[in-house]
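Examining the three-dimensional arrangement
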Amino acid sequence: MLNKYPLWKYLLILLVIALGVVYALPNLYPDDPALQLSTQKTTTVVDQRTLTTAETALKDAGITLKEAELTSAGGTLRFNNGEDQLAAKPVIAAALGENYVVALNLVPTTPEWLSSIGAGPAKLGLDLRGGVHFLLEVDTPAALKQRLDVAASEMKNSLRTERIRYRSVEVTNGVMSIRFLREEDQQAALELLQDEFSEYVYNTSNQGSDYFVEIGFTEAARAEVEAYALQQNLTTLRNRVNELGVAEPLVQRQGSNRIVVELPGVQDTAAAKRIIGATANLEFRLEAGLDANASDIDTLTFRDGSGRTARLERDVIITGDSVADANSSFDENGRPQVNISLDGKGGSQMARVTRTAVGRNMAVVFIEHKSRSRFVEDENGELTEVRRSYSEKNIISLATIQTTLGNSFRITGLDSPRESSELALLLRAGALAAPIYFVEERTIGPSLGAENIRLGVLSAQIGLLVVMAFMLVYYKVFGIFANISLALNIVLLMACMSLLSATLTLPGIAGIVLTMGMAVDANVLIFSRIREELKAGLPSQQAIHSGFNRAFTTILDANITTLLVAVILFAVGTGPVKGFAVTLSLGILTSMFTAIVVTRAQINLVYGGRKNKRLFI
Amino acid sequence: MNIPFMAMRKVVAMFSIAMVLVSLGSIAVKGLKFGLDFTGGSLIEVQYTQAPALDDVRTLLAEGDYHDVTVQNFGSPVDVVVRMGNAYTPTLGDEVLSTLRDNDNVKVELMRSEYVGGQVGEELREQGGLGMLLALAIVMVYVAVRFQFKFSVASVVALAHDVIITLGIFSLFELEFDLTVLAAILAVIGYSLNDTIVVCDRIRENFRIMRDTTPYDLINESINQTLDRTIITSMTTLFVLVVLFFFGGESIHNFSLALLIGILIGTYSSIFVAANLLLAQNVTREDLVPAPKEEFEDEMP
């Protein structure tokens, strides 16, 4: 019979809608303002005792706490409102001391039964939540030059050892050129270098009485250096961002030489920028002898949190600036080791010192320049923030010098591959990284975020009302069907956003509002077809049937093209604009389902299978 | 109801050509007023508790070490946007904020600060332009496959017409063209195409059904048949856009405006421009319906 859906179809539609409602539901629960407690050190943990300390401090300060809980990342203290949250931050920070990081955050309040099935609210973009967005660019030409400089000193060494005489070595624009006075030298050098340094491409040229060998990177080597420089900066940035205690930080490469850092919900943007821009360095020092003068000695702790200490000489052999590269590998016996290469100057300095120190221990000290805020009570009894810069020095390795060390040496005797790769990472982090600079920064204050949400929700509500009223007036009963479908469309759209954990932005909300205007399009197409068919004298059941059928291809064509454009928009756009593309394309998909299937189901349910009645359309 | 759309085609064509020429002229002469996203630079938006006198703000900033400063209201008298040509430093936003606070005499809150490097802006501009061309190209291919080449020329020219006029209006009235406006224009391409396809679809269908009608009458009839739908959908969309324009806040003001303009013009072009172009290309039944195999009549002399 015409316009009758089998029962399973109705059930399937109900199931889809039910799932949609469940997964869209978490968006109705507002986030709690909260403080996130975490620690940097392995020696301190956030546990029940920490929470109790915090709770007592809050009670003394007269601030109501909503809930305190332990999470995998540390602790979360929830508050009833933003004022309590802001007032609590200095109190907690003062009570817990400097070993803990206290960060402002918003945490979801999704009920447990919802989160247990993987439902959660849609992620809010920076423009809705507030926070910082940085785009950093790695200076890859500088990284290439650094690498060539190091290679230059190694090559000079080789040439000297083989007694090949050269006049000068220059590195310009990513090409190193070595000048010789005699052709024999040029040829001998070429042969030697090609043999020893195979990762470069070699060219020769003659100018007047000078003979040159020009050395540049092979395509693969260049790509490797660039990728390495980027990777190194990514690692360093990730480590620093973790220090901020932000709930969902994003550190991601973009393109060949850029890094995006996004810190949603960060309210103290100045602190964020300070930490991201912070620097680390390394020092190589000898362990002090037993008879050393106490004034020449530093006693430093190990970084692994074991609490071990060592007495080191104050004199620094070299600093991290001289480290060109460090990577972990295995020695001939399959034990983990770290290979370190130094630049020319560092190498000769290292050789000079270690020549007389074979058998003694050498330490690698990791120095981080940090600043931390403390909360102290001022004369009025109010807590004020005091910022203090300090540098933290820790030993990351202490090893015996087996022989005179030169440009490249290795640290062995490490316990595990994990330890060796961590050491290599720290060595690189402290080494002179490829310079990095900010090319884009967007800071959105929390109040603007809240304002944007308010405006977005308001316009969505008004937009929905206007469209619904119009459809009702113009299409009467069929207008009700279309309106129900429209409402379900928004529910499904929100559910999809939550499920895909897509990011909702202000243009994204605009996309939803726009989708509402356009979602009814499919129904308008169908309804005007039905009207036409009725006018042409078709009985109402046939009119409905052919109205849907004939409008279908049109709807499909029209929507697919819009979808194609939305995909391009997604590829071109960044941040907020991507959010627009997401809601637009998801909206097209969900609206096709609701406008065609759900509307049809309602019409079938009301009119289907009966005698031809008059249609209120 | 049967409106003789095709009878107006010459007048309409003149109108469209004039609009496109004026737009292109304005874009060529005045250019677009690109926003921060595309030009690069620094911008700081702050909110005062009490509306400040903009001149005071300017004097205050002039005392500091800032140059090429422009100070404007942003949506409301308490919201102020400061743009400057200073080289970026990570602390620039905070420095400006404390300058504006004038030793804590004024209550000012930082709403947002933005910095975009010149290089990034330039790339984005290039990418945006490419994205627009790519969108048009893909649409052209899709329509050519689903319909026929003449239809694809008609719809792409109609789309280009919409985009050029929207850009022209932004150029003529010196409205700021930022990334959200680019998004809006791409959305307009999608939307306007939607309309055009609905009309083309009807034309194709009618070519199959009405065998004895001239293309001229047939196109006219098709437009009339879809007019109801074209107007209603455009209206619901325009409704929500007007809502967005008035309630969506300053930061998506130009975005909604671009969509409003684009969709108005898109509706106009799907009724007039696309169909007009089809007729100009002498679209016939044979373009869409495969010609019946000619029967060989061997008895003819």
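Under an unreviewed UniProt entry, the name given to chain B is Protein-export membrane protein SecF, and the organism recorded is Marinomonas communis. For chain B, the Subcellular location (unreviewed entry) comment in UniProt is given as "Cell membrane". In the Subunit (unreviewed entry) part of its UniProt record, chain B is described as follows: "Forms a complex with SecD. Part of the essential Sec protein translocation apparatus which comprises SecA, SecYEG and auxiliary proteins SecDF-YajC and YidC."

An unreviewed UniProt entry lists chain A under the name Protein translocase subunit SecD, with Marinomonas communis as the source organism. Taken directly from UniProt, the Subunit (unreviewed entry) text for chain A runs: "Forms a complex with SecF. Part of the essential Sec protein translocation apparatus which comprises SecA, SecYEG and auxiliary proteins SecDF-YajC and YidC." What UniProt records for chain A under Subcellular location (unreviewed entry) is the sentence "Cell membrane".

**Observations concerning the environment of Thr226(B)**
Checked against the element boundaries, Thr226(B) lands in helix H8 (residues 215–247). Thr226(B) sits 191 residues away from Gly35(B) along the chain, and the two C-alpha atoms are 39 Å apart.

**Section: the interface of chain A and chain B**
Bring the parts together and some accessible area is lost; that lost area is often taken as the interface size. Tallying the contact residues gives 58 residues for chain A and 65 residues for chain B. Buried area between chain A and chain B, both sides added, is near 5,400 Å², and the carbon and sulfur share of it is 66%. If you look at where chain A meets chain B, you find nine salt bridges. At the junction of chain A with chain B, the criterion picks out 18 residue pairs in polar contact (both at pLDDT 80 or more). Of all the secondary-structure elements, those providing two or more residues to the side of chain A that touches chain B are helix H9 (269–276), strand E21 (436–444), helix H12 (446–499), helix H13 (506–535), helix H14 (540–572) and helix H15 (575–607) of chain A. Broken down by element, the side of chain A that touches chain B gets its largest block of residues, 15 residues, from H13(A). A breakdown of the residues in the side of chain A that touches chain B according to their chemical character gives 33 nonpolar, 14 polar and 11 charged.

**Considerations on a nonpolar patch on the surface**
Among the surface-exposed residues, Trp8(A), Leu12(A), Leu15(A), Val16(A) and Leu19(A) lie close enough to one another that they form a single nonpolar patch of about 490 Å² accessible area. Counting through the fold element by element, Leu19(A) comes out in helix H1 (residues 7–24).

**Comments concerning the packing of aromatic side chains**
One pass over the structure, following the stated rule, counts 21 aromatic pairs over all chains. Plain terms: the ring middles of Tyr475(A) and Phe527(A) are 5.1 Å apart, the flat faces sit at 70° to each other, and that makes the pair edge-to-face. Highlighted residues: Tyr475(A) in helix H12 and Phe527(A) in helix H13, separated in sequence by 52 residues. Plain terms: the ring middles of Phe170(B) and Phe177(B) are 6.4 Å apart, the flat faces sit at 90° to each other, and that makes the pair edge-to-face. Here Phe170(B) and Phe177(B) have matching classes, each one buried. An aromatic cluster is built from Phe470(A), Tyr474(A), Tyr475(A), Phe478(A), Phe481(A), Phe527(A), Tyr607(A) and Phe239(B), whose rings are joined through pairwise contacts. In this arrangement the basic side chain of Arg308(A) is found over the ring face of Phe302(A), its NZ or CZ atom lying 4.0 Å from the centre. The ring of Phe548(A) carries Arg600(A) above its face, with NZ or CZ at 4.6 Å from the centroid.

**Section: the sheet that holds strand E8 (residues 175–180) of chain A**
Residue and element names in this part refer to chain A. With respect to topology, four strands assemble into an open sheet ordered E7-E8-E10-E9, the strand pairing being antiparallel. The two strands at the open ends of the sheet, each matched to only one other strand, are strand E7 (168–172) and strand E9 (200–207). Between one strand axis and the next, the sheet turns by 20° as a mean value, whatever way the strands run. Bridge count between E8 and strand E10 (residues 210–217): five bridges; the pairing is antiparallel. Residue pairing for E10: serine 177 is matched across the bridge by glutamate 214. Against the sheet, helix H6 (residues 140–161) contacts E7, E8, E9 and E10, and its axis sits at roughly 25° relative to E8. The sheet contacts of helix H7 (residues 183–196) involve E8, E9 and E10, and relative to E9 the element is tilted by about 175°.

**Things to note about the packing of helix H6 (residues 149–172) of chain B against helix H9 (residues 253–271) of chain B**
Residues and elements named next belong to chain B. Relative to each other, H6 and H9 sit at 140°, their axes nearing to 9 Å. Classed by the angle they form, the pair H6 and H9 counts as oblique. Handedness of the crossing formed by H6 with H9: right-handed. For the pair formed by H6 and H9, the contact residues are Ala158, His161, Asp162, Ile165, Thr166, Ile169 and Phe170 on the first element and Asn254, Ala258, Ile261, Gly262, Ile265, Gly266, Tyr268 and Ser269 on the second. Its residues assigned to classes, the contact of H6 with H9 comprises eight nonpolar, six polar and one charged.

**As for the sheet that holds strand E4 (residues 76–84) of chain B**
Taken in spatial order, the eight strands of this open sheet run E11(A)-E12(A)-E6(A)-E21(A)-E5(B)-E2(B)-E4(B)-E3(B), and their pairing is antiparallel. Of all strands in the sheet, those with a lone pairing partner are strand E11 (250–254) of chain A together with strand E3 (70–74) of chain B, marking the two edges. Across the sheet, the axes of successive neighbouring strands diverge by a mean angle of 20°, strand direction being ignored. Note: strand E2 (residues 41–48) of chain B against E4(B), six bridges, orientation antiparallel. What sits directly across from Leu43(B), in E4(B), is Arg83(B).

Calculation criteria
Along each chain, the written sequence defines residue order, and numbers are assigned to residues from 1. Just so you know, chain letters begin at A and ligand numbers begin at 1, following the order they were written in. Given that the model is predicted, a residue must reach a pLDDT of at least 70 before its local features are reported, and side-chain atom pairs must reach 80 or more before they are shown or counted; all residues, however, enter totals for whole chains, interfaces and linings. To get the side-chain values, take all heavy atoms of the structure and skip hydrogens and water. UniProt positions are given in the numbering used here, feature names are shortened, and annotations may be inferred rather than shown by experiment. Here a strand is any run of E in DSSP of at least two residues, a helix any run of H or I of at least four, and the numbering for each starts at the N terminus. Contact criterion: two residues are considered in contact whenever any of their non-hydrogen atoms come within 4.5 Å of each other. Throughout, buried area stands for the accessible area (probe radius 1.4 Å) lost by two parts on being put together, summed over both. In what follows, salt bridge is the name for a side-chain nitrogen of Lys or Arg lying within 4 Å of a carboxyl oxygen of Asp or Glu. Side-chain atoms alone can form a polar contact between residues adjacent in sequence; in general such a contact is a pair of N or O atoms within 3.5 Å, and within protein one must be able to donate a hydrogen while the other accepts it. Residue polarity is assigned by list, with Asp, Glu, Lys and Arg as charged and Ala, Val, Leu, Ile, Met, Phe, Trp, Tyr, Cys and Pro as nonpolar; anything else, Gly included, falls into the polar class. Note on patches: the residues involved have over 30% relative accessible area and no salt bridge, like charges join within 9 Å, and the nonpolar side chains Val, Leu, Ile, Met, Phe, Trp and Tyr join within 5 Å. Accessible areas in this description were obtained via Shrake-Rupley with a 1.4 Å probe; residue shielding takes into account the shown protein chains only. Note on aromatic contacts: the rings of Phe and Tyr and the six-membered ring of Trp form a pair at centre separations within 6.5 Å, being stacked when their planes are under 30 degrees apart, edge-to-face when over 60 apart, and tilted otherwise. Only protein chains enter the accessibility calculation, which uses a 1.4 Å probe; a residue whose area is less than 20% of its type maximum is buried, one above 50% is exposed, and one in between is partly exposed. In our convention, an over-ring charge means Lys NZ or Arg CZ found within 6 Å of a ring centre and within 35 degrees of that ring's normal. Note: two strands are recorded as paired if DSSP finds a minimum of 2 bridges between them. Comment: axis = line fitted to C-alpha atoms, over the contacting stretch for helices; angle = value between 0 and 180 degrees taken between N-to-C directions. To sort the angles, those under 35 degrees are grouped as roughly parallel, those over 145 as roughly antiparallel, those from 65 to 115 as roughly perpendicular, and the leftovers as oblique. In this scheme the crossing of two helices becomes right-handed for a clockwise turn of the near helix relative to the far one and left-handed for an anticlockwise turn of less than a right angle.

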